[in-house]
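# Per-entry structural report
Below are the chains, spelled out letter by letter.
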Amino acid sequence: MEWANQLCENRQFGSKMTDSKYFTTTKKGEIFELKAELNSDKKEKKKEAVKKVIASMTVGKDVSALFPDVVNCMQTDNLELKKLVYLYLMNYAKSQPDMAIMAVNTFVKDCEDANPLIRALAVRTMGCIRVDKITEYLCEPLRKCLKDEDPYVRKTAAVCVAKLHDINAQLVEDQGFLDTLKDLISDSNPMVVANAVAALSEIAESHPNSNLLDLNPQSINKLLTALNECTEWGQIFILDCLANYTPRDDRESQSICERVTPRLSHANSAVVLSAVKVLMKFMEMLPKDLDYYSTLLKKLAPPLVTLLSAEPELQYVALRNINLIVQKRPEILKHEMKVFFVKYNDPIYVKLEKLDIMIRLASQANIAQVLAELKEYATEVDVDFVRKAVRAIGRCAIKVEQSAERCVSTLLDLIQTKVNYVVQEAIVVIKDIFRKYPNKYESVIATLCENLDSLDEPEARAAMIWIVGEYAERIDNADELLESFLEGFHDESTQVQLQLLTAIVKLFLKKPTETQELVQQVLSLATQDSDNPDLRDRGYIYWRLLSTDPVAAKEVVLAEKPLISEETDLIEPTLLEELICHIGTLASVYHKPPSAFVEGSRGVMHKRLPARTGSGESTESPDVGTAAGGSAPEAAPSIIPSQGDLLGDLLNLDMAPPTTSGPPPPTTGMQMGGMDLLGGGLDSLLGGDIGGSPAMGAGFGAAPAVMPASLNAPVGGGLGDLFDLGGVGMPMGAYIPPKIVWLPAMKAKGLEISGTFARRAGVIQMELILTNKAMSVMTDFAIQFNRNSFGLAPAGPLQVLTPLGPNQTIEVSLPLSTVGPVMKMDPLNNLQVAVKNNIDVFYFSCQYPISMLFVEDGKMERQVFLATWKDIPNDNESQFQIKDCHLNSDAASSKLQGSNIFTIAKRTVEGQDMLYMSIKLSNGIWVLAELRVQAGNSNYTISLKCRAPEVSQCVFQCYEAVLKN
Amino acid sequence: MIGGLFIYNHKGEVLISRVYRDDIGRNAVDAFRVNVIHARQQVRSPVTNIARTSFFHVKRSNIWLAAVTKQNVNAAMVFEFLYKMCDVMTAYFGKISEENIKNNFVLIYELLDEILDFGYPQNSETGALKTFITQTGIKSQSKEEQSQITSQVTGQIGWRREGIKYRRNELFLDVLESVNLLMSPQGQVLSAHVSGRVVMKSYLSGMPECKFGMNDKIVIDKQGKGGATEEAAGKRSGHQSIAIDDCTFHQCVRLSKFDAERSISFIPPDGECELMRYRTTKDIILPFRVIPLVREVGRTKLEVKVVIKSNFKPSLLAQKIEVRIPTPLNTSGVQVICMKGKAKYKASENAIVWKIKRMAGMKESQISAEIELLPTNDKKKWARPPISMNFEVPFAPSGLKVRYLKVFEPKLNYSDHDVIKWVRYIGRSGIYETRC
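Note that the structure is a prediction, hence the values are computed from the model and not measured.

## A short note on the overall build of chain A
Across its full length, chain A holds 41 helices and 13 strands. A total of 965 residues make up chain A; the buried ones form 59% of that total.

## A look at the overall build of chain B
Within chain B one finds nine helices and 23 strands. For chain B, buried positions account for 53% of its 436 residues. Sequence separation of at least 24 residues holds for 71% of the intrachain contacts in chain B that already meet a minimum separation of 6.

## What to know about the interface of chain B and chain A
Contact residues are listed per partner, giving 94 residues for chain B and 105 residues for chain A. The contact between chain B and chain A buries some 8500 Å² in all, and 56% of this surface belongs to carbon and sulfur atoms. Summed over the shared surface of chain B and chain A, the result is 13 salt bridges. The closest approach of N and O atoms between E232 of chain A and K84 of chain B, which form a salt bridge, is 3.3 Å. Joining chain B to chain A, the criterion identifies 41 residue pairs in polar contact (both at pLDDT 80 or more). Considering each element in turn, the side of chain B that touches chain A owes the most residues, eight residues, to helix α2 (residues 75–93) of chain B. Within the side of chain B that touches chain A, the residues separate by chemical class into 37 nonpolar, 30 polar and 27 charged.

## Topic: the environment of R154 of chain A
Residue and element names in this part refer to chain A. By secondary structure assignment, the location of R154 is in helix α10 (residues 151–167). Sequence separation of R154 and R119 is 35 residues, and the distance between their C-alpha atoms is 9.9 Å. Contacts of R154, omitting those with residues within four sequence positions, involve C145, L146, D148, E149, L184, D187, S188, N189 and V192. Within the local environment of R154, its side chain forms a polar contact with the backbone oxygen of E149, the two atoms lying 3.2 Å apart.

## Examining the nonpolar core
Ranked by size, the top nonpolar core spans 285 residues in total, and within it Y88, L333 and F434 of chain A together with I7 and F56 of chain B carry the most contacts. By residue number, the principal contributor to this core is α2 of chain B, which donates 14 residues. Apart from the residues lying within four places of it in its own chain, the contact partners of I7 of chain B are E13, V14, L15, I16, I63, W64, L65, M89, I101 and I108 of chain B. Counting 66 residues, the second-largest nonpolar core is a separate cluster that includes M766, V833, I882 and L944 of chain A.

## Some thoughts on the packing of helix α6 (residues 79–92) of chain A against helix α4 (residues 105–115) of chain B
Interaxial distance between α6 of chain A and α4 of chain B falls to 10 Å at its minimum, and their mutual angle equals 75°. By the angle between their directions, the pair α6 of chain A and α4 of chain B is classed as roughly perpendicular. Contacts from E80, K83, L84, L87 and M90 of chain A in α6 of chain A reach V106, Y109, E110 and D113 of chain B in α4 of chain B. Among the residues forming the contact of α6 of chain A with α4 of chain B, the class breakdown is five nonpolar, no polar and four charged.

## Brief notes about the sheet that holds strand β5 (residues 793–794) of chain A
Spatial strand order, β1-β2-β3-β6-β5 (chain A): five strands in an open sheet with antiparallel pairing. Looking at which strands have only one partner, the edges of the open sheet turn out to be β1 (740–743) and β5 of chain A.

## A look at helix α8 (residues 116–128) of chain A
In an α-helix, one turn spans 3.6 residues, which is why side chains three or four residues apart end up on the same side. Counted at 1.5 Å a residue, the expected span for α8 of chain A with its 13 residues is 18 Å, and the 19 Å between its end C-alpha atoms agrees. The N-cap residue of α8 of chain A is N115 of chain A: its side-chain oxygen and the backbone nitrogen of L117 of chain A are 2.9 Å apart.

## Side note on a negative patch on the surface
Residues and elements named next belong to chain A. Judged by side-chain charge, E480, E483, E487 and E517 come together as a negatively charged surface patch. Tracing the backbone through its elements, the reader meets E517 in helix α29 (residues 516–527). On the basis of relative accessibility, which here comes to 67%, the residue E517 falls in the exposed class.

## Some remarks on the pattern of salt bridges
Between side chains of opposite charge, a pair can form as their charged atoms come close. Inspection of every chain in the model, using the stated rule, returns 70 salt bridges over all chains. Here E202 of chain A makes a salt bridge to R21 of chain B, at a shortest N to O gap of 2.4 Å. Placement of the pair is E202 of chain A in helix α13 (residues 190–206) and R21 of chain B in the loop between β2 (14–19) and α1 (27–37), with the two residues belonging to separate chains. Assessed through its relative accessible area of 6%, E202 of chain A is described here as buried. Looking at R21 of chain B, the relative accessible area reads 3%, which means it is buried. Note that E209 of chain B is salt-bridged to R254 of chain B, the shortest N-O span being 2.7 Å. Remark: R254 of chain B occurs in the loop between β11 (246–249) and α9 (255–261) and E209 of chain B occurs in strand β10 (residues 209–214); sequence separation between them is 45 residues. By relative accessible area, which is 26% here, E209 of chain B ends up partly exposed. Connected via shared salt-bridge partners are R387, R391, E425, E457 and E459 of chain A.

## With respect to the confidence of the model for chain B
Residues and elements named next belong to chain B. On average, residues of chain B carry a pLDDT of 88, and 94% of them reach 70 or more. The least confident element of chain B is helix α8 (residues 228–236), whose mean pLDDT is 46; the most confident is strand β5 (residues 63–69), at 95. Here residues 227–238 scores under 50 on pLDDT; set against residues more than four positions off or in separate chains, the count is three contacts. At the level of chain-chain contacts, confidence expressed as ipTM amounts to 0.81, with global pTM at 0.68.

## Describing a positive patch on the surface
All names here are of chain B. Positive charge collects at one region of the surface, where K342, K344, K355, K357 and R358 lie side by side. The set of elements that each furnish at least two residues to the positive patch consists of β18 (342–346) and β19 (351–360). By the element assignment, R358 lies in strand β19. The class for R358 is partly exposed, based on a relative accessible area of 47%.

## Looking at the packing of helix α26 (residues 458–470) of chain A against helix α28 (residues 494–510) of chain A
Residue and element names in this part refer to chain A. Packing of α26 against α28 brings their axes to within 8 Å, and their N-to-C directions diverge by 10°. As judged from the angle between their axes, α26 and α28 are roughly parallel. For the pair α26 and α28, contact is made by P458, E459, R461, A462, I465, W466, G469 and E470 and by Q495, V496, Q499, L500, A503, K506 and K510, respectively. Here the contact of α26 with α28 is built from residues that sort into seven nonpolar, three polar and five charged.

## Overview of the packing of aromatic side chains
All names here are of chain A. Taken as a whole and judged by the stated rule, the model has 32 aromatic pairs over all chains. Taking 5.8 Å as the distance between ring centres and 45° as the angle between the ring planes, the aromatic pair formed by F67 and Y88 counts as tilted. Residue F67 is found in helix α5 (residues 67–72), and its partner Y88 is found in helix α6; the two are separated by 21 residues along the sequence. Residue F67 is classed as buried on the basis of its relative accessible area of 0%. Between F757 and Y848 the ring centres are 5.8 Å apart and the planes differ by 70°, which places this aromatic pair in the edge-to-face class.

## Things to note about unusual backbone geometry
Residues and elements named next belong to chain A. Here the bond from D826 into P827 is cis, since omega is -5°, no more than 30 degrees from zero. As for its position among the elements, P827 is in the loop between β6 (809–817) and β7 (830–836). Phi is positive for K418, close to 65°, though the residue is something other than glycine. One can find K418 in the loop between α23 (404–416) and α24 (420–436). Residue class for K418 comes out partly exposed when judged on its relative accessible area of 37%.

## As for the confidence of the model for chain A
The predicted coordinates ought not to be read in detail in places where the model reports low pLDDT. All names here are of chain A. Here chain A shows a mean pLDDT of 79. Residues at 70 or above account for 83%. Confidence drops under a pLDDT of 50 for residues 1–26, and excluding neighbours within four residues, the segment shows 37 contacts in the predicted structure. Residue range residues 614–731 is modelled with pLDDT below 50. Its contacts to residues more than four positions away, or to other chains, number 180 contacts.

## Focus on α13 of chain A
Residues and elements named next belong to chain A. Counted at 1.5 Å a residue, the expected span for α13 with its 17 residues is 24 Å, and the 25 Å between its end C-alpha atoms agrees. Buried residues dominate α13, accounting for 15 of its 17 residues. Where α13 begins, the capping side chain belongs to N189, and its oxygen is found 2.8 Å from the backbone nitrogen of M191.

## So, the environment of N91 of chain A
Position of N91 of chain A relative to the elements: it lies in helix α6. For the pair N91 of chain A and C128 of chain A, spaced 37 residues apart in sequence, the C-alpha to C-alpha distance is 8.9 Å.

## Structural notes on the sheet that holds strand β8 (residues 841–847) of chain A
Residues and elements named next belong to chain A. If you walk across this open sheet you meet the three strands as β4-β7-β8, and the pairing is antiparallel. What marks the edges here is a single partner per strand, and that holds for β4 (782–785) and β8. For this sheet, the mean angle separating the axes of adjacent strands, direction not counted, is 25°.

The rules behind the values
- For every chain, the first residue of the written sequence is number 1, and numbering continues from 1 onward in sequence order.
- Numbering of ligands from 1 and lettering of chains from A proceed in the order in which they are written.
- Two thresholds apply to this predicted model, a pLDDT of at least 70 for residue-level local features and 80 or more for giving and counting side-chain atom pairs, whereas whole-chain, interface and lining totals are computed over all residues.
- As a rule here, side-chain values cover all heavy atoms of the structure and leave hydrogens and water aside.
- Here a strand is any run of E in DSSP of at least two residues, a helix any run of H or I of at least four, and the numbering for each starts at the N terminus.
- For every residue, the accessible area obtained with a 1.4 Å probe (protein chains only) is divided by the maximum for its type, and the residue is called buried under 20%, exposed over 50%, and partly exposed between those limits.
- The contact definition used throughout considers only heavy atoms, calling two residues in contact when any of these lie within 4.5 Å.
- Buried area is a sum: the accessible area each of two parts loses on coming together, probed at 1.4 Å, counted once for each and added.
- By convention in these notes, a salt bridge is any Lys or Arg side-chain nitrogen within 4 Å of a carboxyl oxygen on Asp or Glu.
- Polar contacts, as counted here, are pairs of nitrogen or oxygen atoms within 3.5 Å of one another; within protein the pair requires one atom able to donate a hydrogen and one able to accept it, and residues that are adjacent in sequence qualify only if both atoms are side-chain atoms.
- In this classification, the charged set is Asp, Glu, Lys and Arg, the nonpolar set is Ala, Val, Leu, Ile, Met, Phe, Trp, Tyr, Cys and Pro, and all remaining amino acids, among them Gly, are polar.
- As used here, the term nonpolar core means buried Ala, Val, Leu, Ile, Met, Phe, Trp, Tyr and Cys residues forming a set that is joined through side-chain atoms within 4.5 Å.
- Note on geometry: axes are lines fitted to C-alpha atoms, helical ones only across the stretch in contact, with angles between N-to-C directions running from 0 to 180 degrees.
- Each angle gets one of four labels, with under 35 degrees taken as roughly parallel, over 145 as roughly antiparallel, 65 to 115 as roughly perpendicular, and the rest as oblique.
- Here, a strand pair is defined by DSSP locating no fewer than two bridges between the strands.
- Between the first and last residue of a helix there are one fewer steps than residues, each counted as 1.5 Å, and that sum is the expected span.
- Two distance rules govern patches: like charges are joined within 9 Å, and nonpolar side chains (Val, Leu, Ile, Met, Phe, Trp, Tyr) within 5 Å, applied only to residues with over 30% relative accessible area and no salt bridge.
- Here, Shrake-Rupley sampling with a 1.4 Å probe gives the accessible areas, and only protein chains in the shown set may cover a residue.
- Counted charges follow a simple rule, with Lys and Arg positive, Asp and Glu negative, and His plus the chain ends left uncounted.
- Charged groups are reduced to one reference atom each: NZ for lysine, CZ for arginine, CG for aspartic acid, CD for glutamic acid.
- Each residue carries a pLDDT score, the predictor's confidence in it, ranging from 0 to 100.
- Stacked, tilted and edge-to-face pairs are distinguished by plane angle, under 30 degrees for stacked and over 60 for edge-to-face with tilted covering the rest, among Phe, Tyr and Trp rings (Trp via its six-membered ring) whose centres lie within 6.5 Å.

Next up, the structure:
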């Protein structure tokens with residue numbers, strides 16, 4: 001290229017010289033001219049000529065024809081010229097292997113030069129000449145250089161072993177270079193150590209099973225010493241190597257961590273990240289109750305935050321890594337939300353990553369701030385960023401329940417902006433919110449429908465169609481809306497087509513009379529006119545279902561859907577573990593294992609975090625492996641009846657508690673037919689999420705099945721009677737809380753509902769008073785419950801047969817069953833109810849006394865009681881005080897018995913009556929209680945023991961309510 | 001490790017190309033040009049994977065530096081190396097520009113050969129490199145000189161050479177802080193932090209051992225416990241301690257000593273170096289407060305009023321104050337009135353730029369503007385970018401104070417008292433924004 005020539009000319013003759021005729025030189029002439037210059041006697045001229053050659057080489061011009069002439073310049077004392085010639089050699093030796101041999105002699109000679117810089121240069125360059133014939137000649141000089149007296153030569157020779165290994169691995173092994181390299185780990189010079197470590201690590205990667213690095217406490221100690229002394233780059237090599245070591249026990253792990261932590265203050269971000277990697281990995285082995293463990297956690301946050309003030313490219317790398325760290329150990333950065341706020345001038349790649357982390361860190365404590373920020377971002381310029389911000393608002397809603405309402409209203413505001421892509425993104429996330437909180441925000445559907453026309457992206461269209469199909473019964477013109485989509489059926493993307501098919505089938509099942517034609521149309525479009533196999537198959541499945549058994553079809557298609565999980569885009573735990581072992585590297589940037597982007601055998605080794613060695617801590621570890629192994633034996637009963645789904649329970653065991661979710665991520669916006677079918681199974685899968693403990697329900701099925709049986713056994717009964725309390729009076733009726741207003745008339749267009757719960761003769765009843773405070777007549781009452789902790793569901797329809805006129809009141813009693821769908825509520829006894837009448841649908845929530853669920857056969861046999869009491873771990877015991885209760889122990893006991901709280905035994909110790917009681921809940925959970933009543937003291941103490949300690953608080957409330965009424 | 005390193009000009013022409021590994025072919029050079037430099041869209045990531053080859057790039061003015069690899073390299077290290085490469089080049093020939101690179105391409109190749117071996121970064125301290133990589137060609141060195149070079153390049157103190165002599169031992173400390181703020185329109189601080197640097201310029205003979213002290217809360221508190229006299233001394237000098245969230249150090253600082261005793265000791269490189277970086281978030285003095293008021297009058301007019309208040313000692317002067325008030329894209333005309341300084345509407349930047357040369361502490365000033373808008377049918381609302389501010393103040397907004405910098409050189413006959421020391425504090429605005 002011209003600039004190179006021109007440049008050399010300038011250098012030679014000064015800047016004035018811009019020889020125009022120079023540019024007209026033809027290429028052939030140029031080579032010829034260079035040849036002449038290279039063979040010139042004048043050193044200066046030679047050098048300039050070589051420079052020209054290199055310049056031509058850089059821009060991709062072929063100057064290989066000059067090979068012999070350039071090699072001729074090699075023998076020179078001028079180091080600069082020598083370097084240039086070497087550079088040329090490295091580039092062309094491979095294409096001219098025979099001529100490259102000409103250079104060997106000079107290399108061998110240079111390797112013995114008095115000047116260490118020249119020795120090193122020779123050995124460095126020789127390694128870069130990838131010609132088999134040369135490598136043979138390289139061995140001897142390399143062997144000498146590895147033992148050179150000068151550290152500069154040794155450190156260069158160390159790297160050269162890796163170069164040679166890359167060309168001819170066998171040769172390196174045969175010549176024993178690996179052992180020499182290992183010896184260099186004990187070299188006195190830190191830089192030699194660092195390069196030897198780097199070379200060995202690289203060679204070890206291609207021999208996954210060899211014990212090349214042979215890391216042991218002694219060699220680790222050497223590395224840690226060198227760590228303090230070598231250059232920043234050397235520190236990175238050593239830290240990356242340390243990360244591959246697995247300490248023997250937690251003490252060794254701690255001592256390494258202690259020596260690595262000072263690196264967190266290094267100015268070089270790569271040193272910091274590599275140190276973080278070592279710490280994150282070795283921390284796994286530390287017992288969590290160790291003081292040092294929490295100290296270490298605290299030390300990790302500030303350096304991670306500091307990485308965010310580095311240059312943007314490094315910020316990007318840091319953020320990708322923080323994303324992993326936050327998933328693995330959320331506690332480290334949970335208070336640092338603010339530093340992830342997006343700055344206006346951040347490059348887009350930094351903005352997007354920060355947003356991701358903000359969502360991960362969002363919690364009830366900071367949600368207000370996060371939402372305010374997200375709303376701000378949603379008005380920015382960059383389309384991708386805005387979309388992600390809108391999506392983030394939806395994810396906040398799903399993650400932090402308390403914020404859901406605010407999020408929905410924010411999203412509605414954004415929809416009002418009518419910015420096309422904002423609207424579409426908002427609709428996609430609102431669909432997810434519907435799935436997380438059913439029967440709560442459906443009032444916004446009307447607003448969504450207004451924007452139907454502006455949706456042009458498949459995902460948004462599919463989401464909207466899903467909403468229309470799912471809530472077809474609440475949308476008057478659902479059929480029209482869906483029909484309008486049908487017109488261009490074949491132009492839609494597959495995603496939309498599938499969704500449209502399902503939505504119309506749903507609509508048909510809900511409003512069969514008006515939509516027969518529509519469903520026929522879509523089925524024929526899907527099965528006959530489409531060549532997409534998925535679409536066709538789904539079409540046929542629906543068709544068969546509808547034609548053979550519409551009831552079954554309804555059960556399948558309109559089945560209860562599993563709730564979507566909080567975090568939809570978490571990295572799968574085993575991958576996350578592997579990526580944590582790769583912090584700082586490309587794998588952590590791509591969030592992919594190295595095997596996904598590295599060719600050949602290098603780096604394909606799967607890395608894993610070490611297992612914790614500390615005693616008694618293993619069950620607490622969030623690791624998948626340990627959780628599955630450790631918690632199975634001491635499984636606690638679930639508050640959720642498992643519906644006999646053994647499969648579900650078994651699957652539960654495999655899931656790490658906080659991270660995963662059974663159902664597939666809903667991001668596709670599709671309600672797959674297959675998923676509907678699996679709905680039941682997934683429900684119980686969800687149990688893991690709901691219960692919070694991975695092993696809930698497992699092993700529980702057996703225990704209660706045995707206990708009631710022994711209760712009824714004659715022996716048990718006899719013993720119980722003998723011991724039992726003679727002086728107990730007739731049981732009084734069960735406690736019924738007074739009726740309270742659940743739904744004020746103001747909120748329900750004139751309908752007021754008040755009520756209470758009662759258990760009468762073993763039947764749970766919801767007693768309602770409906771008052772019409774509106775001006776018009778109300779008819780068509782119906783009631784539905786949201787899923788709840790104990791599966792309460794109406795056992796029959798709401799019996800309001802006559803229309804309810806203005807100012808009329810009616811009392812209804814609704815029998816309830818406990819076999820409905822289950823979802824843990826907060827508080828546990830919360831019940832969300834929907835009541836429909838001819839005017840609208842209204843929602844309210846109420847809390848039922850848990851005593852309603854105490855079943856009549858809740859009296860436990862005494863022996864069983866004792867065994868069970870011992871068996872339940874003490875952690876599950878909770879103590880409460882009941883104040884100002886003036887009953888004596890017998891009166892209390894009989895009062896409690898009315899509510900199916902059975903006294904099994906009574907003991908009097910030093911004027912204190914101890915009553916032992918048992919309760920059985922409708923879902924088979926046993927609660928054992930010890931009530932201490934002291935004469936003359938109006939404060940009772942009650943201890944509750946239960947395998948599902950969550951219920952204790954509710955049970956205590958019942959005690960209090962029963963005893964005080 | 002790094003497989004190759006390329007430098008391109010803005011057109012995508014290769015200026016420097018150095019391949020270290022066999023798995024990187026010549027087509028890699030073109031792949032990056034086609035997929036990144038010539039890509040239609042804005043770059044979405046500094047790391048790009050093209051056909052199982054990963055490219056890391058940074059840009060300096062209109063020059064692209066790209067590192068290539070096919071392995072799972074340490075990504076943070078690659079970027080740190082690229083920055084370092086830029087630093088080294090700047091130290092050798094000034095600004096990184098196409099012309100400078102072309103004029104120094106031989107030197108660059110020589111450097112690349114030295115600081116990256118088989119893709120492994122080697123010693124890249126300019127101080128050391130300059131001893132044996134020179135633009136003038138190496139002079140024949142004596143044997144001692146040679147071994148001195150190699151021991152320095154590989155040694156523990158790779159950043160300083162032996163035998164430096166100055167007639168006058170002198171050192172300059174600059175505490176340079178940039179204060180960052182994001183404030184809500186209501187004046188609530190959304191986030192604020194100071195990122196500071198201590199830059200040291202030293203002209204000291206020999207191998208001086210230095211110890212640096214500042215009003216770090218942890219140190220002061222520890223000393224406070226130690227003895228009443230020192231505590232009293234601390235109080236007398238009016239030092240208030242500050243809480244440092246995190247700090248990082250130049251590689252000359254002994255990190256393990258800092259970790260154990262929180263003392264900062266080091267042998268400095270000759271000349272200029274960035275001794276430490278730190279970050280604080282507590283008790284920051286925000287030098288200016290911006291109070292915006294934006295009112296939309298109909299669809300074609302905006303009224304903007306911005307008040308700035310200076311919040312520091314009246315005896316101090318802030319300089320180079322600049323307030324940047326963004327205007328909508330459809331602005332047709334702007335009328336500005338300001339009490340102090342000069343204000344101008346810059347159509348090309350979509351902003352009103354208000355400049356004040358100097359402003360003392362505890363003062364306030366105001367600007368009001370009327371912005372005429374062209375009616376548009378663009379549905380999208382104006383994003384209202386934040387009002388940003390630039391300034392320079394002669395104090396450290398974090399409150400950091402240098403307590404001492406002691407110099408010991410046992411071998412040469414000068415003591416701490418003989419060293420002339422200068423300390424200067426400069427606080428600048430980082431990203432100092434107020435939403436409106």
